[in-house]
2 protein chains.
Amino acid sequence: MLSGGDDGVPDGIGMARLAWTRLPTADAEGAGPSTSAAAAGDELFSAAAVESLDYEVIENYAYREEQAQRSKFWVPYYVMLKWLFSLLIGVAAGSGIPEIKGYLNGVDTHGILLFRTLVGKIFGSIGSVGGGLALGKEGPLVHTGACIASLLGQGGSAEYHLSSRWVRIFESDRDRRDLVTCGCAAGVAAAFRAPVGGVLFALEEVTSWWRSHLMWRVFFTSAVVAVVVRSAMNWCNSGKCGHFGAGGFIIWDISGGQEDYSYQELFPMAIIGVIGGLLGALFNQLTLYITKWRRTYLHKKGKRVQIFEACLISLVTSTISFVLPLLRKCSPCPQLETNSGIECPHPPGTDGNFVNFYCSKDKEYNDLATIFFNTQDDAIRNLFSAKTFHEYSAQSLITFLVMFYSLAVVTFGTAVPAGQFVPGIMIGSTYGRLVGMFVVKYYKKLNIEEGTYALLGAASFLGGSMRMTVSLCVIMVEITNNLKLLPLIMLVLLVSKAVGDFFNEGLYEEQARLRGIPLLDSRPKQVMRNMNAKDACKNQKVVCLPRVSRVIDIVSVLRTNKHNGFPVVDRGQNGESLVIGLILRSHLLVLLQAKVDFQNSPFPCGPGVLNRHNFSDFVKPASSKGKSIDDIHLTEDELGLYLDLAPFLNPSPYIVPEDMSLAKVYNLFRQLGLRHIFVVPRPSRVVGLITRKDLLLEEDGNTAMAELQSTSVRGLLNGRLLGGNAHLERPLLDNLVIE
Amino acid sequence: MLSGGDDGVPDGIGMARLAWTRLPTADAEGAGPSTSAAAAGDELFSAAAVESLDYEVIENYAYREEQAQRSKFWVPYYVMLKWLFSLLIGVAAGSGIPEIKGYLNGVDTHGILLFRTLVGKIFGSIGSVGGGLALGKEGPLVHTGACIASLLGQGGSAEYHLSSRWVRIFESDRDRRDLVTCGCAAGVAAAFRAPVGGVLFALEEVTSWWRSHLMWRVFFTSAVVAVVVRSAMNWCNSGKCGHFGAGGFIIWDISGGQEDYSYQELFPMAIIGVIGGLLGALFNQLTLYITKWRRTYLHKKGKRVQIFEACLISLVTSTISFVLPLLRKCSPCPQLETNSGIECPHPPGTDGNFVNFYCSKDKEYNDLATIFFNTQDDAIRNLFSAKTFHEYSAQSLITFLVMFYSLAVVTFGTAVPAGQFVPGIMIGSTYGRLVGMFVVKYYKKLNIEEGTYALLGAASFLGGSMRMTVSLCVIMVEITNNLKLLPLIMLVLLVSKAVGDFFNEGLYEEQARLRGIPLLDSRPKQVMRNMNAKDACKNQKVVCLPRVSRVIDIVSVLRTNKHNGFPVVDRGQNGESLVIGLILRSHLLVLLQAKVDFQNSPFPCGPGVLNRHNFSDFVKPASSKGKSIDDIHLTEDELGLYLDLAPFLNPSPYIVPEDMSLAKVYNLFRQLGLRHIFVVPRPSRVVGLITRKDLLLEEDGNTAMAELQSTSVRGLLNGRLLGGNAHLERPLLDNLVIE
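The structure presented is a predicted model; accordingly, all values stated were derived computationally and were not measured.

Calculation criteria
- Residues numbered from 1 in each chain as written.
- Chains lettered and ligands numbered in written order.
- Predicted model: local features only at pLDDT ≥ 70, side-chain atom pairs only at ≥ 80, totals over all residues.
- Heavy atoms only, no water.
- Buried < 20%, exposed > 50% of the residue type's maximum accessible area, 1.4 Å probe, protein only.
- Helix = DSSP H or I, 4+ residues; strand = E, 2+ residues; numbered from the N terminus.
- Pairing = 2+ DSSP bridges.
- Least-squares fit on C-alpha atoms with pLDDT ≥ 70 in both.
- Contact = heavy atoms within 4.5 Å.
- Buried area = accessible area lost by both parts, 1.4 Å probe.
- Salt bridge = Lys/Arg side-chain N within 4 Å of Asp/Glu carboxyl O.
- Polar contact = N/O pair within 3.5 Å; in protein donor to acceptor, adjacent residues only side chain to side chain.
- Nonpolar A, V, L, I, M, F, W, Y, C, P; charged D, E, K, R; others polar.
- Axes fitted to C-alpha atoms, helices over the stretch in contact; angles between N-to-C directions.
- Parallel < 35°, antiparallel > 145°, perpendicular 65-115°, else oblique.
- Left-handed = near helix turned anticlockwise from the far one by under 90°.
- Core = buried A, V, L, I, M, F, W, Y, C linked by side-chain atoms within 4.5 Å.
- UniProt positions renumbered as here; feature names shortened; annotations may be inferred.
- Phe/Tyr/Trp six-rings, centres within 6.5 Å; stacked < 30°, edge-to-face > 60°.
- Lys NZ or Arg CZ within 6 Å of the ring centre and 35° of its normal.
- Disulfide = S-S within 2.5 Å.

Engineer: Help me understand the pairing of strand S5 (residues 565-571) of chain A, please; the structure alone is not making it clear to me.
Structural biologist: On any regular strand, side chains alternate: one points to one face of the sheet, the next to the other face. Residue and element names in this part refer to chain A. Counting buried positions along S5 yields six of seven residues, so the element is predominantly enclosed. Summarising the sheet, strand S3 (residues 545-546) and S5 pair through two bridges and their orientation is parallel. When the sheet's bridge partners are listed, Leu545 is paired in S5 with Val568. In the sheet, S5 pairs with strand S6 (residues 577-584) via seven bridges, with the strands oriented antiparallel. Considered in S6, the bridge of Pro567 is made with Leu582. Hairpin connection from S5 to S6: five residues lie between these consecutive antiparallel strands, with Gly575 at a positive phi of about 85°.

Engineer: How do you make sense of unusual backbone geometry when you look at a structure like this?
Structural biologist: Comment: phi is negative for the bulk of residues other than glycine, and the bulk of peptide bonds are trans. Residue and element names in this part refer to chain A. You will see that Arg193, though not glycine, has its phi angle at about 50°, which is positive. Along the chain, the position of Arg193 falls in the loop between helix H7 (173-192) and helix H8 (195-206). A residue is classified by how much of its surface remains accessible, and Arg193, at 12% relative accessible area, is buried. In this structure, Lys595 takes a positive phi of about 65° despite not being glycine.

Engineer: How do you make sense of the relation of the copies chain A and chain B when you look at a structure like this?
Structural biologist: Two copies of the chain are present, and they differ by a rotation about an axis and a shift along that axis. Aligned on chain B, chain A shows an RMSD of 0.1 Å; the corresponding rotation is 180° and the shift along the axis is 0.0 Å. Classification of the inter-copy transformation places it as that of a two-fold axis. A share of 99% of interface residues in chain A that are also interface residues in chain B marks the association as one of identical surfaces.

Engineer: I'm lost on the interface of chain A and chain B in this one. Help?
Structural biologist: Reports often express the size of an interface as the amount of accessible area lost when the parts come together. Contact residues are listed per partner, giving 144 residues for chain A and 142 residues for chain B. Between chain A and chain B lies a buried interface of about 13600 Å² when both sides are counted; carbon and sulfur atoms form 65% of it. When residues of chain A are sorted by the area they lose upon contact with chain B, Arg682, Ile690 and Arg692 of chain A head the list and together hold 6% of the total. The interface formed by chain A and chain B includes zero salt bridges. The tally of links between chain A and chain B comes to 26 residue pairs in polar contact (both at pLDDT 80 or more). Ranked by the residues each element gives to the side of chain A that touches chain B, the list is headed by helix H9 (residues 212-236) of chain A, at 14 residues. Here the residues of the side of chain A that touches chain B are counted per class, giving 81 nonpolar, 31 polar and 32 charged. Summarising the sheet, strand S10 (residues 688-690) of chain A and strand S9 (residues 677-680) of chain B pair through three bridges and their orientation is antiparallel. Note that in S9 of chain B the partner of Gly688 of chain A across the bridge is Val679 of chain B.

Engineer: What is the right way to read the packing of helix H5 (residues 115-130) of chain B against helix H6 (residues 138-153) of chain B from this model?
Structural biologist: Relative placement of two packed helices is described by the angle separating their axes and the distance separating the axes. All names here are of chain B. Two numbers describe how H5 lies on H6: the axes approach to 9 Å, and their chain directions differ by 155°. If you check the angle between H5 and H6, you find them roughly antiparallel. The interaxial crossing formed by H5 with H6 has left-handed handedness. Residues Phe115, Thr117, Leu118, Lys121, Ile122 and Ser125 of H5 form the contact with H6, whose participating residues are Pro140, His143, Thr144, Cys147, Ile148 and Leu151. Partitioned by chemical class, the residues of the contact of H5 with H6 number seven nonpolar, four polar and one charged.

Engineer: Even after reading the chapter, I still don't get the environment of Pro604 of chain A, so can you show me in this structure?
Structural biologist: With respect to the helices, strands and loops of the structure, Pro604 of chain A is situated in the loop between helix H22 (585-594) and helix H23 (636-639). When its relative accessible area of 8% is taken as the criterion, Pro604 of chain A is described as buried.

Engineer: Help me out: how do you make sense of the nonpolar core in this one?
Structural biologist: Taken as a class, soluble globular proteins show a tendency for nonpolar side chains to be buried jointly. By size, the foremost hydrophobic cluster in this structure holds 216 residues, and its most contacted members are Phe421 of chain A together with Phe421 of chain B. Contact partners of Phe421 of chain A, with chain neighbours within four places excluded, come to Glu138, Phe192, Phe201, Leu462, Met466, Met468, Leu472, Ile475 and Tyr508 of chain A. Of all hydrophobic cores here, the second largest spans 50 residues; its members include Leu695 and Leu697 of chain A together with Tyr654 and Leu662 of chain B.

Engineer: It is not clear to me how the UniProt feature "domain: CBS" (unreviewed entry) in chain A should be interpreted in this structure. Could you clarify?
Structural biologist: As annotated by UniProt and renumbered to match this structure, "domain: CBS" (unreviewed entry) occupies residues 538-598 and 649-705 of chain A. From the first C-alpha to the last, residues 538-598 of chain A spans 35 Å; its make-up is 33% helix and 33% strand.

Engineer: Help me out: how do you make sense of the pairing of strand S9 (residues 677-680) of chain A in this one?
Structural biologist: All names here are of chain A. Of the two faces of S9, the one holding Ile677 and Val679 and the one holding Phe678 and Val680 are both buried throughout. Of the strand pairs in this sheet, strand S8 (residues 655-657) and S9 are connected by three bridges, and their pairing is parallel. Paired with Pro657 across the strands is Val680, a residue of S9.

Engineer: Explanation requested: the sheet that holds S3 of chain A in the structure shown.
Structural biologist: Hydrogen bonds between backbone groups are what pair the strands of a sheet, and the pairing can be parallel or antiparallel. The strand order across the open sheet built from three strands is S3-S5-S6 (chain A), with neighbouring strands paired in mixed fashion. Each edge of the open sheet carries a strand with a single partner, namely S3 and S6 of chain A.

Engineer: Would you mind going over the packing of aromatic side chains with me for this structure?
Structural biologist: What characterises a pair of aromatic rings is the spacing of the ring centres plus the angle enclosed by the ring planes. This model, assessed by the stated rule, comprises 22 aromatic pairs over all chains. Note on Phe283 of chain B and Tyr405 of chain B: the rings are 5.9 Å apart at their centroids and 75° apart in plane angle, and the pair reads as edge-to-face. Of this pair, Phe283 of chain B sits in helix H10 (residues 266-298) while Tyr405 of chain B sits in helix H14 (residues 394-411); the two residues are 122 residues apart in sequence, bridging distant segments of the chain. With 6.2 Å between their ring centres and 45° between their planes, Trp293 of chain B and Tyr297 of chain B make a pair best called tilted. Here Tyr297 of chain B and Trp293 of chain B lie together in helix H10, a separation of four residues that amounts to about one turn. Accessibility expressed as a relative area gives 45% for Trp293 of chain B, which makes it partly exposed. Over the aromatic face of Tyr654 of chain B sits the side chain of Lys664 of chain A, whose NZ or CZ is 5.4 Å from the ring centroid.

Engineer: Would you take a moment to explain the UniProt feature "transmembrane region" (unreviewed entry) in chain A for this structure?
Structural biologist: Residue and element names in this part refer to chain A. Those residues carrying the UniProt feature "transmembrane region" (unreviewed entry) are residues 113-135, 179-202, 214-233, 266-287 and 397-415 in this numbering. Along residues 214-233 one finds 100% helix and 0% strand; the C-alpha atoms at either end are 28 Å apart. Secondary structure over residues 266-287 splits into 100% helix and 0% strand, and the C-alpha atoms at its two ends are 31 Å apart.

Engineer: Even after reading the chapter, I still don't get the packing of helix H10 (residues 266-298) of chain A against helix H18 (residues 486-503) of chain A, so can you show me in this structure?
Structural biologist: Residues and elements named next belong to chain A. Put simply, H10 and H18 touch, their axes get as near as 7 Å, and they point 40° apart. Crossing geometry of H10 relative to H18 is assigned as right-handed. In contact with Leu266, Met269, Ala270, Gly273, Val274, Gly276, Gly277, Leu278 and Ala281 of H10, H18 contributes Leu488, Leu491, Val492, Val495, Ser496, Val499, Gly500 and Phe503. For the contact of H10 with H18, the per-class residue count stands at 12 nonpolar, five polar and no charged.

Engineer: Please explain the sheet that holds strand S6 (residues 577-584) of chain B as it appears in this structure.
Structural biologist: Residue and element names in this part refer to chain B. Pairing is mixed across the open sheet formed by three strands, whose spatial order is S3-S5-S6. The outermost strands of the open sheet, each flanked by one partner alone, are strand S3 (545-546) and S6. Sitting on the sheet, helix H22 (residues 585-594) is in contact with S3, strand S5 (565-571) and S6, with an inclination near 80° to S6.

Engineer: Help me out: how do you make sense of the pattern of salt bridges in this one?
Structural biologist: As a working rule, side chains carrying opposite charge can pair if their charged atoms are close by. Residues and elements named next belong to chain B. This structure, assessed with the given rule, holds 36 salt bridges over all chains. Asp501 is the salt-bridge partner of Arg467, the closest N and O atoms lying 3.2 Å from each other. Of this pair, Arg467 sits in the loop between helix H16 (450-466) and helix H17 (470-480) while Asp501 sits in helix H18 (residues 486-503), placing them 34 residues apart in sequence. We classify Asp501 as partly exposed; its relative accessible area is 39%.

Engineer: Got a minute to help me understand the side chain of Asn105 of chain A in this structure?
Structural biologist: Inspection of the secondary structure puts Asn105 of chain A in helix H4 (residues 97-105). Asn105 of chain A sits in the buried class, given a relative accessible area of 3%. A distance of 2.9 Å separates the side chain of Asn105 of chain A from the backbone nitrogen of Leu520 of chain A, its partner in a polar contact. When neighbours within four sequence positions are excluded, Asn105 of chain A is seen to be in contact with Ser208, Trp209, Pro518, Leu519, Leu520 and Arg670 of chain A together with Arg692 of chain B.

Engineer: What's the story with helix H24 (residues 662-672) of chain A in this structure? I'm lost.
Structural biologist: Helical geometry note: an α-helix holds 3.6 residues per turn, so side chains three or four residues apart project in the same direction. Across the 11 residues that make up H24 of chain A, a large majority, 10, are buried. Of all the residues in H24 of chain A, the buried ones are Leu662, Ala663, Lys664, Val665, Tyr666, Asn667, Leu668, Phe669, Arg670 and Leu672 of chain A. Looking at the buried positions of H24 of chain A, the neighbouring elements they touch are H4, helix H20 (533-536), S8 and S9 of chain A together with helix H24 (662-672) and strand S10 (688-690) of chain B. Two or three places before Ala663 of chain A, at the start of H24 of chain A, stands the capping residue Ser661 of chain A, its side-chain oxygen 3.2 Å from that residue's backbone nitrogen. Residue Gly673 of chain A follows H24 of chain A closely and has a positive phi angle near 60°.

Engineer: I keep staring at the state of the cysteines and nothing clicks. Help me out?
Structural biologist: As used in these notes, a disulfide is a covalent bond between sulfur atoms, one from each of two cysteines. Enumeration over the complete set of coordinates arrives at zero disulfides over all chains. Cys182 of chain B carries a free sulfur, and the closest cysteine sulfur to it, the one in Cys184 of chain B, is 9.1 Å from it.

Below is the structure:
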């Protein structure tokens, strides 16, 4: 009775002046894209992957574990600890970047920005990285930054009664989204100590809607992060904080390395790019298959299986890290320059190159242990190192590459917080150094260093897997401080991204799709060019609500379908039907729960509605599932009452004519970040044309503009700009109200 | 008779099947923003500032002039030459960046991307920079890049018969716009040898619509530029090309300088930021006033006055550069470290620090001449230099600052190609070094270098004047190769931009406004929130055309108003009027000129229309003024014929209901880069609602999607996807045609 076109609209509405307001609707004026709302009712979205888990809080064993690692006598203990670890943290999952990307694209996966997610992520990440698994800390740090930003944006966590109202300056969805973007940038800036890289990562990889104002904010955030990290490092210089800040502000400084290159080198560099593209695309594909398999067969069997899986992988990782170097023979130490600052083997209690691992003689080192038995940071520093020639044998590098690649593929997707940046750099720098060894051998005359190739390899693998360009480039430069290699990094990235794009999508996009996060690409699909708006909603039954509805009708509409928005129709002056706006399911639920707006008469209500409501009543809390119609209990009497929807609806959602090309509709939807578009019949007349000229207010020396402005100012004085409830006095839709 | 609402539509249209096509309309499906078209008729736009001048081709005197400068004996000759120079080039104006920014925002200033502009810009810039005026080459290089891109995009210059059809792969406005963006990036990348900085400059400062695909293209362009510039520098290493590439790939390498800083230094650095913000804002304001004054009083008097003005400024510049150092006493050479590679005074025939300028003794130098009598590159290198302490006296620095600042303000806006980057760096590094001198004096214990402060000063002035953040930051790092100063540069930029924003807009925005280029900001103005769409077009008289119009009516419509687009109306099945689309003035002019579509009957034409037209007939050539109605001559007979507009119109322009908030309309207009929006009455019913779910085609495992897709495929087979003229067979607007 309420559904279908414009039936069911009661006659005889009118008489009262129409109260009007602007609620925090998803596509409110000037608010741009909406983010936090897409999930509530559409099954497609809320069924996203990250379960809400009860994370356990774990101590920071990372430092203790590193200590343990330093001496070979502690190795069995170390293996045990590793194993224990992953057991404890086996309940926090993934890098979080696909989910954040989805959030900023308009898909709110439940639970990704909660306080408990934050805690689980932080401690889980400390455990998993400290445990020596084949994963990194960058993804979780980005997620951590986003969580903190989101909690700040809503003024704390409502769940744990930690919220404070005074921080709630971020009322609109857009502000919150911007804050989350800043959080992501802060995460990368902190992880790599790369402030500009963080800005670009947030802009290139994470956000879907970019504005120049956002850039400025993100930049500010990153600058603050840079200063704070530096201060912390200065403070920790005396060794108070373990290894933190040990490598200096530039993590893997190779500024002393190769500064020049010849054209002969471009060929092996292109080969590195191709290898990176291939291995990166393969990595994406393998992780996709394994995650699918895992989801289909393994994770259905409950959390115990997940924990067992994480333990198993951790055990395998530990075993491989320990056994493989054992099998490898030690090599005699090379003659090192006295000034290089490198010792072979490095003394116990320090870290660095040339690890002595069960070597029989004093002046020997185990090259495989040099990679396996170091922290990831040190291992990468050694691989990038320009000062050491022929430190690694090809055999060791290949062994490490194969093992670590397999471990990274298998570890990805287990229930531990996992970043892909550092493993990517490890894998890339290994084969890069391998190529470098051959190049050094082949072009003997040139001043080539293996470390340069390791760096390019790292860039190529990340490019081939994540498909970033500018941000990756800047991050690589910021973490290595060798600007002269920039053109080479750019070229390698171009090649590897092109090769990777030939096979599949980027890692984050693939994972987002797998997790059921429906990202809207920036471009419409080809097939849309040949469809029109009507085609897209051909099978829909539009459920309209009359302006003054009976409560029982509203309840039955909400129960019988899962739509998130409903057009509201009314009769115009001549009795013709008119669409007067869109009301959101969530707002209807708020109204039904509040019950204060129920009225006896089937006629529009008078002014004063807004006194009964706070603006914040209608704001959906971030990362909550929202209300459900089943939670609301109404008596028989209440069900018989009426509700005037006019004050609560979005009076002018964007509309498109029914025969508009779907590609155009898509552009509208995607560019403005909308949630609902009304498809309407072709209009019968044009009231006016808006061109650029009409939108250039406040221009000097143009009388037409000035006049336009003055009329608008008159319009304002006529009601809407005046504070308080003055805007209620002037109906916006005069022609809708039958006087 | 044709104007006003939906009057003037002849009855009894119909019978024939409606032919339909997609012309290259400005807001065609999926094409996104339009750029090249905004100018044609709206007076507001085409009256932009850059006159189409006949540039004179000038030889490259820059090198000869530098030679001349090296020895003091040539000074009078040098002054003369400088003077001659500016005379010759006094006919090419400005940096071009505001115009390009306008172009990418949707305002096509006539003449900015022509071949002759390119030639004038290149040679003019060589002349003006070589002539030693207080301006730089970066702005003109950006403009040059944009011109080349635009010419490539249209396959050459039609004007000089240099076009080739096979290059015309860039058919849509959006592709051309993207290409121009790439051109800008290439300009910056080449000017500073800063590829990543170029990408970011294009994205942050120049473009209005940013997409991830664009980033990838711009990045590719920059990478190619980096490789080409490097190759050219290698090739020129032997001295074949004069000074080109003399400084190495990093223009002002200060990587050997200060690497660390203490917290006490943050205060003077903040002061530098504040000074930068103040001086930058003042610079913007002064140039604004002077340009206004110049335009009002000076340039109205003709080109001779402009040339005279340029000559005068050039003469003043030369005189000051020559006389001021003469007045300054020479200082004795300091004790230099033997390894520093600096000689005092530097021998004739080389360039660098410690210039001997009419000094009486051998071991003396003139510090003011060290700044004035070097190329700008060398002067900046000396100011940034970390190896020289107390090289400059405060007196000299202040003298130079005042003189150069005044010269830069006065020179800006003369009729010569002028960039503001290098002058900005000069000004900034001068006061930066000045502050640095005091800091060095005050904090004697710290390892502080004056050059660091010069760099920060340069960043602060550019930040205060141009208000860029990320791109400027990356450019500063790329040109100095000292990544460790990045956090400082970020902080200084934050302060100076904030201080500058307090006073006025950025340089390019101010200049664009002054030149009558109406840039649409990314955010709607506050006043728009309280207006609605109807308010914006309150004073308009909408001029509609009936679907089949008489030629004489079309001509009279085109003559009597200056609108660029006209709604086309028709009668639906039940005789009600329906808006069937938008036809552009430019397309009407093409049709009137071609005359092939004129018909005798007042009924819609049959299929086959498109055989008479090429797609390219309707493409507006870039940077041309377009056709005018006065150029078209029609006989009496022809005026009596009819023209069916249906095949040529844009069938579904974006529409908004009349009471939609103007801020929302603005968002729609700005984000999608539209030219026309129809304001229509509130719709009477909703045909469907489009949500994210409806736009997620090609998703796996979702039957609803699959079904939707299959219906669309059926729809395609039904006519539109089939090649050739098949799409003509199926009327898109069945309901419009009375069968």
